[in-house]
Amino acid sequence: MKGVLKRYVSLLAFVAPAFILYAIFLLIPTIGGMYYSFTDWNGLNTNYQFIGLDNFVEALKDDPDFVHSLLFTLKYVLYMLVLQNVIALLLAVLIESRNKSKGFFRTIFFMPNMISIIISAFMWTFVFTQVLPQLAEKTMFTFLDQSWVGDPKFSFYAILVISLWNGVGYMMIIYLAGLQGVPQSLMEAAIIDGANPLQRFMKVTLPMITHAITICFFLTLNGAFKVFEVVYGFTGGGPGRSTQVITMNIYEEAFSNNFRYGYASAKSVILFIIVLIFTLIQIAVMKRKEVEA
């Protein structure tokens, strides 16, 4: 009995520092934010009123900027969920199929992930505003000369390019790990049965890497909903608020103009609920696919 108790005490001693930091910097602020979402607190005064669900009603009913930012974010999430995972998986398959220079290509495609997203946004701002117009002027690729920052239609795709350039490499590494776990015996059996490369990929490879797909979908979904730096550094949410994502709208509400911390907290809770719902649905669907596989 003493041995078991001593074991639990030692485990708690190891876990306690991490849990204390987690509670101070994440758990307590999260609970506090949920509480303040039901108040009219401005972040400064000690006196504030409990107003119930008024903040939530205002955000969803009387705040067109917030609704637009939510819809824009959902559009961004959908594109990122498809494009980032398709490109990352395609790169992983191509690299894994090579007999030589795997390490070189893994490094090349992963390197953008090592650069800060805000730095990437500034770098690509120079590319879209200076390099591409010059390239279009001197070559036949005139379609490159667009208002990538000032036109919402083009700036959305420019934001996608920056995000994909920065994030694809990380997902590629996860897919590579999944591909390396596919038993070679299954691939050899499929070849003997006469399966072509596409059939081997669809019937053998994909079912065997469903766990990697689940992880990548989860990371992409959460990262896309919380996107901030790339938009802030590239367009600043403009022109106007046409490319404003939900995190920028919350930031603006709390720190930039209005200092309505209670209202911003309510928007954060809405974002949390949306991410939680999408994540639970995605994990439930993908886990079912893993069981079927």
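**What about the nonpolar core?**
Residues Y76, F128, Y175 and I209 are the most contacted members of the largest nonpolar core, which totals 63 residues. Beyond its immediate stretch of four places on either side in the chain, F128 contacts P133, W148, A158, V161, I162 and F234.

**Overview of helix 9 (residues 210-225)**
Compared with an ideal rise of 1.5 Å per residue, which puts 16 residues at 22 Å, helix 9 spans 22 Å between its outermost C-alpha atoms and is within 8% of the ideal. Taken as a whole, helix 9 has its buried residues at T210, A212, I213, T214, C216, T220, L221, N222, A224 and F225.

**Considering the packing of aromatic side chains**
For the coordinates displayed, the defined rule picks out 25 aromatic pairs. Between the aromatic rings of Y36 and Y48, the centroid separation amounts to 5.6 Å while the plane-to-plane angle is 75°, which identifies the pairing as edge-to-face. Here Y48 lies in the loop between helix 1 (2-36) and helix 2 (54-61) and Y36 lies in helix 1, a separation of 12 residues in the sequence. When its relative accessible area of 24% is taken as the criterion, Y36 is described as partly exposed. When the ring of F38 is compared with that of F56, the centres are 5.4 Å apart and the planes differ by 45°; the resulting orientation is tilted. On the criterion of sequence distance, the pair formed by F38 in the loop between helix 1 and helix 2 and F56 in helix 2 is long-range, its members being 18 residues apart. The class for F38 is partly exposed, based on a relative accessible area of 27%. Three or more aromatic residues joined by ring pairs form one cluster here, namely Y35, Y36, W41, Y48, F228, Y232, Y251, F255 and Y261. Over the ring of Y263 we find R260, and its NZ or CZ is 4.2 Å from the ring centre.

**Some points on the side chain of S120**
Examined against the element boundaries, S120 turns out to sit in helix 5 (residues 117-138). In this structure the side chain of S120 is engaged in a polar contact, spanning 3.0 Å, whose partner is the side chain of N166. Leaving out residues up to four positions away in the same chain, S120 has contacts with I115, I162, W165 and N166.

**Comments concerning the pattern of salt bridges**
Across all of its chains, the model carries 6 salt bridges by this definition. Note that E96 is salt-bridged to K102, the shortest N-O span being 3.5 Å. Look at E96 and you get partly exposed, because its relative accessible area is 23%. The partner of R241 in a salt bridge is E252, and the shortest N-O contact between them spans 2.9 Å. With a gap of 11 residues between them, R241 in the loop between helix 10 (229-234) and helix 11 (246-256) and E252 in helix 11 connect regions that are remote in the sequence. Among the residues examined, R241 registers a relative accessible area of 36% and is labelled partly exposed. Look at the salt bridges and you will find they share partners, linking D63, E253 and K267 into a network.

**Focus on the packing of helix 7 (residues 184-192) against helix 8 (residues 197-208)**
Packing of helix 7 against helix 8 brings their axes to within 10 Å, and their N-to-C directions diverge by 165°. Our classification of the angle between helix 7 and helix 8 gives roughly antiparallel. Judged by the twist between their axes, the crossing of helix 7 over helix 8 is right-handed. Facing L186, M187, A190 and I191 of helix 7, the residues of helix 8 in contact are R200, V204, T205 and M208. Tallied by class, residues from the contact of helix 7 with helix 8 come to 6 nonpolar, 1 polar and 1 charged.

**Some remarks on the layout of surface pockets**
Quantified by volume, the largest pocket comes out at close to 600 Å³. Lining the largest pocket are 19 residues, with T30, S268, V269, L271 and F272 positioned closest to its centre. At the level of elements, helix 1, helix 9, helix 11 and helix 12 (261-292) are the ones that each hand at least two residues to the lining of the largest pocket. Considered class by class, the residues forming the lining of the largest pocket number 11 nonpolar, 7 polar and 1 charged.

**So, a nonpolar patch on the surface**
A contiguous nonpolar surface patch, about 770 Å² in accessible area, is contributed by M34, F272, I273, L276, I277, F278, L280, I281 and V285. Of all the elements, helix 12 adds the most residues to the nonpolar patch, at 8 residues. You can see M34 is positioned in helix 1.

Rules used throughout
- Residues numbered from 1 in each chain as written.
- Predicted model: local features only at pLDDT ≥ 70, side-chain atom pairs only at ≥ 80, totals over all residues.
- Heavy atoms only, no water.
- Core = buried A, V, L, I, M, F, W, Y, C linked by side-chain atoms within 4.5 Å.
- Buried < 20%, exposed > 50% of the residue type's maximum accessible area, 1.4 Å probe, protein only.
- Contact = heavy atoms within 4.5 Å.
- Helix = DSSP H or I, 4+ residues; strand = E, 2+ residues; numbered from the N terminus.
- Expected span 1.5 Å × (residues − 1).
- Phe/Tyr/Trp six-rings, centres within 6.5 Å; stacked < 30°, edge-to-face > 60°.
- Lys NZ or Arg CZ within 6 Å of the ring centre and 35° of its normal.
- Polar contact = N/O pair within 3.5 Å; in protein donor to acceptor, adjacent residues only side chain to side chain.
- Salt bridge = Lys/Arg side-chain N within 4 Å of Asp/Glu carboxyl O.
- Axes fitted to C-alpha atoms, helices over the stretch in contact; angles between N-to-C directions.
- Parallel < 35°, antiparallel > 145°, perpendicular 65-115°, else oblique.
- Left-handed = near helix turned anticlockwise from the far one by under 90°.
- Nonpolar A, V, L, I, M, F, W, Y, C, P; charged D, E, K, R; others polar.
- 1 Å grid on protein atoms, 1.4 Å probe; cavity = no way out; pocket = protein on both sides within 12 Å on 5 of 7 lines; lining within 4 Å.
- Points joined across faces, edges and corners; volume = space filled by probe spheres on them.
- Patch = residues over 30% accessible without salt bridge, like charges linked within 9 Å, V, L, I, M, F, W, Y side chains within 5 Å.
- Areas by Shrake-Rupley, 256 points an atom, 1.4 Å probe, with all protein chains shown as cover.

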